[in-house]
Amino acid sequence: MAALSLRRLSNPENLQKIDPRNLAALLHPHQAYFARRGIAIPPPGSPNVHLDHASLVQVFLAPDREMPLDLVESLHIVNELASPSGMDALLEAAREQEIAIERLRTATPLDVAVRACLQDRAFVESVHQRHALLKTHGYTYFTATGPAAALNPVPEAALDALRRDLDDYYAEHNRGRHCRIHVFHRGGKTWFTVRHGDAFKRAVDIETKPAAIFTYRPECFSTMVYVAESGELGIHASSKRELDLYRKLMGRHFFGFEEFFCGPGRFTLAPLLTKGPASLACSDVSGIEWVKLVEVRYERALPNHPREIRCASDLFDSYPHGIVPSDARLLGAGFKMKFRGARGARRLGLYPPNEARHSREGDAVLTEQWLQARGFLRPQAETGADVSCGN
């Protein structure tokens, strides 16, 4: 259980911010476990509920192998959503789905997360999945080879078939059959978050005498975003093998053809070479104050094709006669971007033909406007580009 990290719940001051009646109601189904750890949990409806926050913190800081899995899941979800952004996600989703979350005007984010979990656990799980995808920073994009239909609503039969195939894949690769897929629609995009198991890990529990070794299966998240208007599928996964798997399964189950997402590459770095510093102009994109080129990766036309990286606070300033040698092929670029209202600059990595990495997923809207304006996104009708499929 060493993999469980409950940063917000591992502080007595934070626990005291939760209405004790709500916290007791969340923990009471597992009163037998807490009793073994020397903590009494009052039943729901008890007057003058008192909880030993210091002892609870010790349990949350050092969860043991006996902690019930359902309790682990509840604590993990509450911990992840117990922030201002998590509270906003819960309240926004509740309004969209017309779910009334009981809350006081003075409720803290922890209060809202706990109360929502008590009212509708399935709803909170779906919000947790949606909130998790917003933390995803890097996507590999694949373009469609034919007309791209909207997936709203997503066909249930296709979704079930996708889940079964993913379960088969993860079971075959020693990751268990734990696949869950949640679908969301936002801003003309259809998002898929796939929760699945990872390979087993072993850890030593030094609290036991003698120390015991135990195993557990961590959870992982993969994310896909489909844009019908442009016929693009963005995928965030843990390996190239999984990227190719998701690409093929999405094509097979939703469009009837495994290689449906195997069109031209999405990105190009040609503007850096043809326009120079002008390729970083951003005055026409409201919300971006400045952009600097801080890294380039390239391959030399020499024996063994050596690959090199150049870094500087401003490469165009440091290398006025050329950001890469004349015999080099540009492979990737790193930019620093200052967004209006942000304290500092954030990073964007671009690796043609199809990979982009953002410091924050929320930056994607503005960065894509800028990439489009400066010519780093290939035109939809362009042909002869590098093929972006994973074969």
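Conventions used here
Residues numbered from 1 in each chain as written. Predicted model: local features only at pLDDT ≥ 70, side-chain atom pairs only at ≥ 80, totals over all residues. Heavy atoms only, no water. Helix = DSSP H or I, 4+ residues; strand = E, 2+ residues; numbered from the N terminus. Contact = heavy atoms within 4.5 Å. Areas by Shrake-Rupley, 256 points an atom, 1.4 Å probe, with all protein chains shown as cover. Buried < 20%, exposed > 50% of the residue type's maximum accessible area, 1.4 Å probe, protein only. Axes fitted to C-alpha atoms, helices over the stretch in contact; angles between N-to-C directions. Parallel < 35°, antiparallel > 145°, perpendicular 65-115°, else oblique. Left-handed = near helix turned anticlockwise from the far one by under 90°. Nonpolar A, V, L, I, M, F, W, Y, C, P; charged D, E, K, R; others polar. Expected span 1.5 Å × (residues − 1). Polar contact = N/O pair within 3.5 Å; in protein donor to acceptor, adjacent residues only side chain to side chain. Salt bridge = Lys/Arg side-chain N within 4 Å of Asp/Glu carboxyl O. Pairing = 2+ DSSP bridges.

Novice: How do you make sense of the overall build of the protein when you look at a structure like this?
Specialist: Helix and strand content of the protein: 13 helices and twelve strands. Partitioning the intrachain contacts of the protein with sequence separation of at least 6 by distance along the chain shows that 66% fall at a separation of at least 24. Summed over all atoms, the accessible surface of the protein reaches about 19800 Å², with 50% contributed by carbon and sulfur.

Novice: Would you mind going over the environment of L272 with me for this structure?
Specialist: Mapped onto the elements, L272 comes out in helix α11 (residues 270-274). Its relative accessible area of 2% is what places L272 among the buried residues. The residues contacting L272, other than those within four sequence positions of it, are S279, L280, L293, F316, I323, L330, A333, F335 and F376.

Novice: Please clarify how the packing of helix α5 (residues 69-81) against helix α7 (residues 109-119) should be interpreted in this entry.
Specialist: When two helices pack together, their arrangement is given by the angle between their axes and by how far apart the axes lie. Interhelical geometry of α5 versus α7 gives an angle of 140° and a closest axis separation of 9 Å. In terms of orientation, α5 lies oblique with respect to α7. Regarding α5 and α7, the two cross each other, and that crossing is right-handed. Across the interface between the two elements, S74, V78 and L81 of α5 pack against P109, L110, A113, V114 and C117 of α7. Among the residues making up the contact of α5 with α7, the classes are represented as seven nonpolar, one polar and no charged.

Novice: Got a minute to help me understand helix α6 (residues 84-96) in this structure?
Specialist: If you check α6, its first and last C-alpha atoms are 18 Å apart, about what 13 residues at 1.5 Å a residue would give, namely 18 Å. Here α6 has its buried residues at G86, M87, A89, L90, L91, A93 and A94. By the N-cap criterion, in which a side-chain oxygen at the helix start approaches the backbone nitrogen of a residue two or three places on, α6 is capped by S83, the distance to G86 being 3.0 Å. Among the residues trailing α6, E98 stands out with phi positive, at a value near 55°.

Novice: Looking at this structure, I do not really get the pattern of salt bridges. What am I missing?
Specialist: Once the charged atoms of two side chains with opposite charge are near each other, the side chains can pair. Going through the model one piece at a time under the given rule, you end up with 23 salt bridges. Among the ionic pairs, E125 bridges to R180, the shortest N-O distance being 3.4 Å. Remark: R180 occurs in strand β2 (residues 180-186) and E125 occurs in helix α8 (residues 121-133); sequence separation between them is 55 residues. E125 gets classed as buried once you look at its relative accessible area, which sits at 17%. With its nearest N and O atoms 3.5 Å apart, the salt bridge here joins D244 to K248. Here D244 and its partner K248 are both found in helix α10 (residues 240-255), four residues apart, which amounts to about one turn of the helix. Under the relative-accessibility criterion, K248 is labelled partly exposed at 22%. Several salt bridges share partner residues, and in doing so they unite D70, R121, E125 and R180 into one network.

Novice: When you look at the environment of D314 in this model, what are you seeing that I'm missing?
Specialist: Mapped onto the fold, D314 is located in the loop between β9 (307-311) and α12 (315-318). Separated by 22 residues in sequence, D314 and K292 have C-alpha atoms that sit 5.9 Å apart. Among all residues touching D314, those that are not within four sequence positions of it are K292 and L293. Here F316 takes part through its backbone nitrogen, which lies 3.2 Å from a polar atom of the side chain of D314.

Novice: Would you mind going over the pairing of strand β7 (residues 232-236) with me for this structure?
Specialist: Within a regular strand, side chains alternate between the sheet's two faces. Summarising burial for β7: four of the five residues are buried, a large majority. Note: strand β6 (residues 219-227) against β7, five bridges, orientation antiparallel. Among the inter-strand pairings, T223 is bridged to a residue of β7, identified as H236. Counted between consecutive antiparallel strands, the loop separating β6 from β7 contains four residues, among which G231 sits at a positive phi close to 65°.

Novice: It is not clear to me how the packing of helix α2 (residues 20-27) against α7 should be interpreted in this structure. Could you clarify?
Specialist: Where α2 contacts α7, the two axes come as close as 10 Å, and the packing angle between them is 45°. Taken together, α2 and α7 sit at an angle that is classed as oblique. Classified by chirality, the crossing of α7 by α2 is left-handed. Between α2, through N22, L23, A25 and L26, and α7, the contact on the second element is made entirely by D111, V114, R115, C117 and L118. Within the contact of α2 with α7, the residues separate by chemical class into six nonpolar, one polar and two charged.

Novice: Got a minute to help me understand the sheet that holds strand β10 (residues 328-339) in this structure?
Specialist: Strands in a sheet are paired, the pairing made by backbone hydrogen bonds, and the direction either parallel or antiparallel. Read from one edge to the other, the open sheet built from ten strands follows the order β2-β3-β6-β7-β1-β12-β11-β10-β8-β9, with strand pairing classed as antiparallel. The strands lining the two open edges of the sheet, one partner per strand, are β2 and β9. Put simply, the sheet's adjacent strands are angled 20° from each other on average, direction ignored. Pairing geometry for strand β8 (residues 288-300) and β9, over five bridges, is antiparallel. For R297, the partnering residue across the bridge sits in β9 and is I309.

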